[in-house]
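Structure at a glance
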Amino acid sequence: MNVSELKERLLNLVDVFEEKESLLTELDRAIGDGDHGVNMLRGFKALPEKLDDSSISALLKSTGMTLMSNIGGASGPLYGFSFVKMSQVVGDEIEKENLKTLLNTFSEAVAQRGKVELNEKTMYDVIERTNEAVNNGETLSFEDLQSFAESTKDIVATKGRAAYFKEASKGHVDPGAQSSVYILNALIGAD
(Lines give C-alpha, C1' and ligand atoms only; values in the text may rest on other atoms or scores of the structure.)
Protein backbone atom coordinates (compact mmCIF):
# COMPACT_ATOMS: atom_id res chain seq x y z
CA MET A 1 0.00 0.00 0.00
CA ASN A 2 1.49 3.35 -0.99
CA VAL A 3 0.90 6.78 0.53
CA SER A 4 -2.03 7.72 -1.73
CA GLU A 5 -3.79 4.39 -1.07
CA LEU A 6 -3.36 4.78 2.68
CA LYS A 7 -4.53 8.40 2.55
CA GLU A 8 -7.68 7.32 0.69
CA ARG A 9 -8.34 4.58 3.25
CA LEU A 10 -7.87 6.97 6.18
CA LEU A 11 -10.15 9.58 4.58
CA ASN A 12 -12.76 6.87 3.93
CA LEU A 13 -12.92 6.44 7.70
CA VAL A 14 -14.77 9.78 7.86
CA ASP A 15 -17.68 8.09 6.04
CA VAL A 16 -17.32 4.93 8.11
CA PHE A 17 -17.49 6.82 11.40
CA GLU A 18 -20.37 8.93 10.10
CA GLU A 19 -22.25 5.72 9.31
CA LYS A 20 -21.25 3.98 12.57
CA GLU A 21 -21.60 6.95 14.93
CA SER A 22 -24.94 5.82 16.38
CA LEU A 23 -23.75 2.20 16.79
CA LEU A 24 -20.63 3.33 18.68
CA THR A 25 -22.71 5.74 20.77
CA GLU A 26 -25.17 2.96 21.61
CA LEU A 27 -22.33 0.60 22.61
CA ASP A 28 -20.75 3.32 24.74
CA ARG A 29 -24.07 4.25 26.33
CA ALA A 30 -24.41 0.67 27.57
CA ILE A 31 -21.03 0.55 29.37
CA GLY A 32 -19.55 4.04 29.18
CA ASP A 33 -20.52 7.65 28.91
CA GLY A 34 -22.09 7.50 25.45
CA ASP A 35 -19.71 9.79 23.57
CA HIS A 36 -17.46 7.38 21.67
CA GLY A 37 -19.31 7.71 18.35
CA VAL A 38 -19.31 11.51 18.48
CA ASN A 39 -15.64 11.59 19.51
CA MET A 40 -14.46 9.23 16.76
CA LEU A 41 -16.41 11.11 14.11
CA ARG A 42 -15.05 14.46 15.29
CA GLY A 43 -11.48 13.11 15.17
CA PHE A 44 -11.74 11.70 11.67
CA LYS A 45 -13.72 14.68 10.32
CA ALA A 46 -10.70 16.84 11.22
CA LEU A 47 -8.36 14.68 9.10
CA PRO A 48 -8.94 16.03 5.57
CA GLU A 49 -7.46 19.47 6.27
CA LYS A 50 -4.70 18.23 8.59
CA LEU A 51 -3.10 15.36 6.67
CA ASP A 52 0.50 15.59 5.46
CA ASP A 53 0.81 13.12 2.58
CA SER A 54 4.45 13.86 1.70
CA SER A 55 5.31 10.32 2.90
CA ILE A 56 3.61 7.41 4.67
CA SER A 57 5.47 8.36 7.84
CA ALA A 58 4.21 11.97 7.62
CA LEU A 59 0.70 10.69 6.87
CA LEU A 60 0.64 8.45 9.95
CA LYS A 61 2.16 11.14 12.18
CA SER A 62 -0.26 13.86 11.04
CA THR A 63 -3.15 11.41 11.55
CA GLY A 64 -1.94 10.68 15.08
CA MET A 65 -1.55 14.35 15.99
CA THR A 66 -5.01 15.14 14.60
CA LEU A 67 -6.70 12.28 16.46
CA MET A 68 -4.91 13.19 19.68
CA SER A 69 -6.17 16.76 19.59
CA ASN A 70 -9.70 16.06 18.31
CA ILE A 71 -10.92 12.83 19.94
CA GLY A 72 -11.95 13.16 23.56
CA GLY A 73 -11.78 10.54 26.29
CA ALA A 74 -9.14 7.84 26.42
CA SER A 75 -9.43 6.95 22.73
CA GLY A 76 -7.83 10.15 21.40
CA PRO A 77 -4.53 9.74 23.24
CA LEU A 78 -4.48 5.97 22.59
CA TYR A 79 -5.17 6.12 18.86
CA GLY A 80 -3.15 9.30 18.42
CA PHE A 81 -0.08 7.99 20.26
CA SER A 82 -0.30 4.72 18.29
CA PHE A 83 -0.34 6.46 14.91
CA VAL A 84 2.64 8.62 15.91
CA LYS A 85 4.52 5.49 17.04
CA MET A 86 3.65 3.68 13.77
CA SER A 87 4.98 6.68 11.81
CA GLN A 88 8.40 5.99 13.35
CA VAL A 89 8.63 2.41 12.02
CA VAL A 90 6.82 2.52 8.67
CA GLY A 91 8.68 2.12 5.38
CA ASP A 92 8.05 3.86 2.06
CA GLU A 93 5.14 1.49 1.50
CA ILE A 94 3.14 -0.84 3.70
CA GLU A 95 3.83 -4.38 2.59
CA LYS A 96 3.58 -7.74 4.33
CA GLU A 97 6.66 -7.53 6.58
CA ASN A 98 6.25 -3.85 7.35
CA LEU A 99 2.59 -4.42 8.22
CA LYS A 100 3.71 -6.88 10.91
CA THR A 101 6.01 -4.22 12.38
CA LEU A 102 3.23 -1.61 12.22
CA LEU A 103 0.69 -3.82 13.97
CA ASN A 104 3.21 -4.81 16.61
CA THR A 105 3.95 -1.13 17.22
CA PHE A 106 0.22 -0.28 17.33
CA SER A 107 -0.37 -3.04 19.87
CA GLU A 108 2.63 -2.11 22.03
CA ALA A 109 1.67 1.58 21.99
CA VAL A 110 -1.88 0.86 23.21
CA ALA A 111 -0.64 -1.62 25.84
CA GLN A 112 1.95 0.86 27.09
CA ARG A 113 -0.21 3.99 27.04
CA GLY A 114 -3.39 2.28 28.22
CA LYS A 115 -1.66 -0.06 30.69
CA VAL A 116 -3.82 -2.91 29.37
CA GLU A 117 -3.53 -6.63 28.70
CA LEU A 118 -5.62 -9.09 26.72
CA ASN A 119 -9.10 -9.94 27.97
CA GLU A 120 -9.76 -6.71 29.86
CA LYS A 121 -12.51 -5.65 27.40
CA THR A 122 -10.70 -2.83 25.59
CA MET A 123 -9.62 -1.89 22.06
CA TYR A 124 -6.42 -3.79 22.84
CA ASP A 125 -8.32 -7.10 22.59
CA VAL A 126 -8.93 -6.47 18.87
CA ILE A 127 -5.56 -4.82 18.14
CA GLU A 128 -3.44 -7.52 19.79
CA ARG A 129 -5.44 -10.40 18.29
CA THR A 130 -5.03 -8.79 14.85
CA ASN A 131 -1.32 -8.35 15.52
CA GLU A 132 -0.93 -12.01 16.55
CA ALA A 133 -2.91 -13.31 13.56
CA VAL A 134 -1.00 -11.23 10.97
CA ASN A 135 2.33 -12.12 12.57
CA ASN A 136 1.31 -15.79 12.28
CA GLY A 137 0.84 -15.30 8.55
CA GLU A 138 -2.97 -15.16 8.57
CA THR A 139 -4.84 -12.98 6.10
CA LEU A 140 -7.73 -11.36 7.92
CA SER A 141 -11.10 -10.32 6.53
CA PHE A 142 -13.36 -7.64 7.95
CA GLU A 143 -15.43 -10.48 9.45
CA ASP A 144 -12.34 -11.77 11.28
CA LEU A 145 -11.71 -8.33 12.76
CA GLN A 146 -15.38 -8.06 13.72
CA SER A 147 -15.22 -11.46 15.45
CA PHE A 148 -12.38 -10.13 17.65
CA ALA A 149 -14.63 -7.23 18.70
CA GLU A 150 -17.59 -9.58 19.27
CA SER A 151 -15.43 -11.68 21.62
CA THR A 152 -15.31 -8.71 24.03
CA LYS A 153 -19.01 -9.34 24.74
CA ASP A 154 -18.14 -12.25 27.04
CA ILE A 155 -15.54 -10.33 29.04
CA VAL A 156 -16.17 -8.49 32.30
CA ALA A 157 -14.45 -5.11 31.94
CA THR A 158 -11.56 -4.42 34.30
CA LYS A 159 -10.22 -1.25 32.65
CA GLY A 160 -11.62 2.09 31.61
CA ARG A 161 -15.07 3.48 32.25
CA ALA A 162 -16.67 0.09 31.53
CA ALA A 163 -14.91 -1.35 34.61
CA TYR A 164 -17.37 0.62 36.80
CA PHE A 165 -20.12 -1.60 35.42
CA LYS A 166 -18.39 -4.78 36.68
CA GLU A 167 -20.55 -7.86 35.84
CA ALA A 168 -23.10 -5.66 34.03
CA SER A 169 -20.45 -4.92 31.37
CA LYS A 170 -20.76 -8.53 30.21
CA GLY A 171 -22.98 -9.01 27.16
CA HIS A 172 -21.86 -5.78 25.46
CA VAL A 173 -19.21 -5.25 22.77
CA ASP A 174 -16.58 -2.77 23.92
CA PRO A 175 -16.96 0.49 21.93
CA GLY A 176 -13.19 0.94 21.59
CA ALA A 177 -12.87 -2.62 20.34
CA GLN A 178 -15.54 -1.84 17.74
CA SER A 179 -13.91 1.40 16.55
CA SER A 180 -10.54 -0.35 16.29
CA VAL A 181 -12.12 -2.80 13.81
CA TYR A 182 -12.67 0.08 11.38
CA ILE A 183 -9.19 1.55 11.89
CA LEU A 184 -7.46 -1.82 11.52
CA ASN A 185 -9.53 -2.58 8.44
CA ALA A 186 -8.16 0.60 6.87
CA LEU A 187 -4.58 -0.23 7.85
CA ILE A 188 -4.50 -3.84 6.73
CA GLY A 189 -6.80 -3.54 3.76
CA ALA A 190 -9.02 -6.40 4.93
CA ASP A 191 -12.05 -5.47 2.82
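Keep in mind the model is a prediction, meaning the values are calculated, not measured. (Residues numbered from 1 in each chain as written. Predicted model: local features only at pLDDT ≥ 70, side-chain atom pairs only at ≥ 80, totals over all residues. Heavy atoms only, no water.)

What about the packing of helix α7 (residues 123-135) against helix α9 (residues 175-188)?
The N-to-C vectors of α7 and α9 enclose an angle of 30°; their axes lie 7 Å apart at closest approach. If you check the angle between α7 and α9, you find them roughly parallel. Crossing geometry of α7 relative to α9 is assigned as right-handed. Mapping the contact onto sequence places Met123, Val126, Ile127 and Thr130 in α7 and Gly176, Ala177, Ser180, Val181, Leu184 and Ile188 in α9. (Axes fitted to C-alpha atoms, helices over the stretch in contact; angles between N-to-C directions. Helix = DSSP H or I, 4+ residues; strand = E, 2+ residues; numbered from the N terminus. Parallel < 35°, antiparallel > 145°, perpendicular 65-115°, else oblique. Left-handed = near helix turned anticlockwise from the far one by under 90°. Contact = heavy atoms within 4.5 Å.)

Here we look at unusual backbone geometry
A positive phi angle is found at Asn119, which is not glycine, with a value near 65°. In this structure, Asn119 sits in the loop between α6 (96-114) and α7. Look at Asn119 and you get partly exposed, because its relative accessible area is 43%. Positive phi, normally seen in glycine, also occurs at Lys166, with a value near 45°. Within the fold, Lys166 resides in the loop between α8 (142-150) and α9. (Buried < 20%, exposed > 50% of the residue type's maximum accessible area, 1.4 Å probe, protein only.)

Digging into the nonpolar core
Counting 48 residues, the largest nonpolar core has Phe17, Phe44, Leu60, Phe106 and Ile183 as the members making the most contacts within it. At the level of elements, α1 (3-31), α2 (36-45), α4 (56-70), α5 (75-87), α6, α7, α8 and α9 are the ones that each hand at least two residues to this core. With 8 residues, the single largest contributor to this core is α9. With residues near it in sequence (within four places) discarded, Phe44 still touches Leu10, Leu13, Val14, Phe17, Leu67 and Ile183. (Core = buried A, V, L, I, M, F, W, Y, C linked by side-chain atoms within 4.5 Å.)

Concerning the UniProt feature "domain: DhaL" (unreviewed entry) in the protein chain
The feature "domain: DhaL" (unreviewed entry), as given by UniProt, occupies residues 4-189 in the numbering adopted here. Regarding residues 4-189, the helix share stands at 67% and the strand share at 0%, and the terminal C-alpha atoms are separated by 13 Å. (UniProt positions renumbered as here; feature names shortened; annotations may be inferred.)

Quick word on the pattern of salt bridges
Pairing between side chains of opposite charge can happen when their charged atoms approach one another. This model, assessed by the stated rule, comprises 8 salt bridges. Between Asp53 and Lys7 there is a salt bridge whose closest N-O contact spans 2.8 Å. Here Lys7 lies in helix α1 and Asp53 lies in the loop between α3 (47-50) and α4, a separation of 46 residues in the sequence. Relative accessible area serves as the criterion here: at 25%, Lys7 is assigned to the partly exposed category. Ionic pairing is found between Glu150 and Lys153, a salt bridge with its closest N-O pair at 3.7 Å. For Glu150, a relative accessible area of 34% puts it in the partly exposed group. Residue classification places Lys153 among the partly exposed positions, given a relative accessible area of 33%. (Salt bridge = Lys/Arg side-chain N within 4 Å of Asp/Glu carboxyl O.)

Some remarks on the packing of aromatic side chains
What the rule picks out here adds up to 4 aromatic pairs. With 5.7 Å between their ring centres and 85° between their planes, Phe17 and Tyr182 make a pair best called edge-to-face. Taken together, the residues span a long stretch of sequence, with Phe17 in helix α1 and Tyr182 in helix α9 at a distance of 165 residues. For the pair Phe17 and Tyr182, a shared accessibility class is recorded, and that class is buried. The structure contains a cluster of three or more aromatic residues connected by ring pairs, namely Phe17, Phe44, Phe142 and Tyr182. Over the face of the ring belonging to Phe81 we find Arg113, whose NZ or CZ atom lies 4.9 Å from the ring centre. (Phe/Tyr/Trp six-rings, centres within 6.5 Å; stacked < 30°, edge-to-face > 60°. Lys NZ or Arg CZ within 6 Å of the ring centre and 35° of its normal.)

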